[in-house]
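Each chain, written out:
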Amino acid sequence: QVQLEESGGGLVQAGGSLRLSCAASGNIVNINNMAWYRQAQGKQRELVAVITGGGNTNYGDSVKGRFTISRENTKNTLSLQMNSLKPEDTAVYFCYVFARVAGGNYRNYWGQGTQVTVSS
């Protein structure tokens, strides 16, 4: 099984920066896509940013130009650099990976979520 450990969430003032990290562990043989999603109170989960196994990135319109997603394949880690934060960015942020373990099929794995709160 794959475990995802998220870190870096917290409280930040509008205009500030925050960096989220996600470390994947377990008997992993391959990770394909990795992504960050978020879910604000009373709203459905939305894609923040995705990075493919080949390194291509895509961003949600609301974060484009402010957030940067990256991965370190050697360490199986995923990061999200968040700059120019806005109160609208307040949400629980979830790490996502599409991976397979030894002898298994590809499947979705989700982190537990980390709270990001941006004060106005």
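For the structure itself, look to the data block above.
Definitions and limits used
Residues numbered from 1 in each chain as written. Predicted model: local features only at pLDDT ≥ 70, side-chain atom pairs only at ≥ 80, totals over all residues. Heavy atoms only, no water. Pairing = 2+ DSSP bridges. Helix = DSSP H or I, 4+ residues; strand = E, 2+ residues; numbered from the N terminus. Axes fitted to C-alpha atoms, helices over the stretch in contact; angles between N-to-C directions. Buried < 20%, exposed > 50% of the residue type's maximum accessible area, 1.4 Å probe, protein only. Disulfide = S-S within 2.5 Å.

Participant: Help me understand the sheet that holds strand S8 (residues 77–82), please; the structure alone is not making it clear to me.
Facilitator: Within a sheet, each strand pairs with its neighbour through backbone hydrogen bonds, oriented either parallel or antiparallel. Read from one edge to the other, the open sheet built from 4 strands follows the order S1-S3-S8-S7, with strand pairing classed as antiparallel. Edge strands, defined here as strands with exactly one partner in the open sheet, are strand S1 (2–7) and strand S7 (67–72). The average angle at which neighbouring strand axes cross in this sheet is 15°, direction not considered. Note: S7 against S8, 6 bridges, orientation antiparallel. Bridge assignment links Phe 67 to a residue of S8, and that residue is Met 82.

Participant: Please explain unusual backbone geometry as it appears in this structure.
Facilitator: Leaving glycine out, the prevailing phi sign among residues is negative, and the prevailing peptide bond configuration is trans. Although it is not a glycine, Asn 76 sits at a positive phi angle of roughly 55°. For Asn 76, the location among the structural elements is in the loop between S7 and S8. For Ser 84, which is not glycine, the phi torsion reads 50° and is therefore positive. Structurally, the position occupied by Ser 84 is in the loop between S8 and strand S9 (91–101). Since its relative accessible area comes to 42%, Ser 84 is described here as partly exposed.

Participant: Whenever I open this one, the state of the cysteines confuses me. Can you help?
Facilitator: The bond known as a disulfide is covalent and runs between the sulfur atoms of two cysteines. Evaluated as defined, the whole model comprises 1 disulfide. Covalently, Cys 22 is tied to Cys 95 through a disulfide, its sulfur atoms 2.1 Å apart. Across the S-S bond of Cys 22 and Cys 95 the torsion is about -80°, and the bridge reads as left-handed. Remark: Cys 95 occurs in strand S9 and Cys 22 occurs in strand S3 (residues 18–26); sequence separation between them is 73 residues. Note on Cys 22: relative accessible area 1%, which makes it buried.

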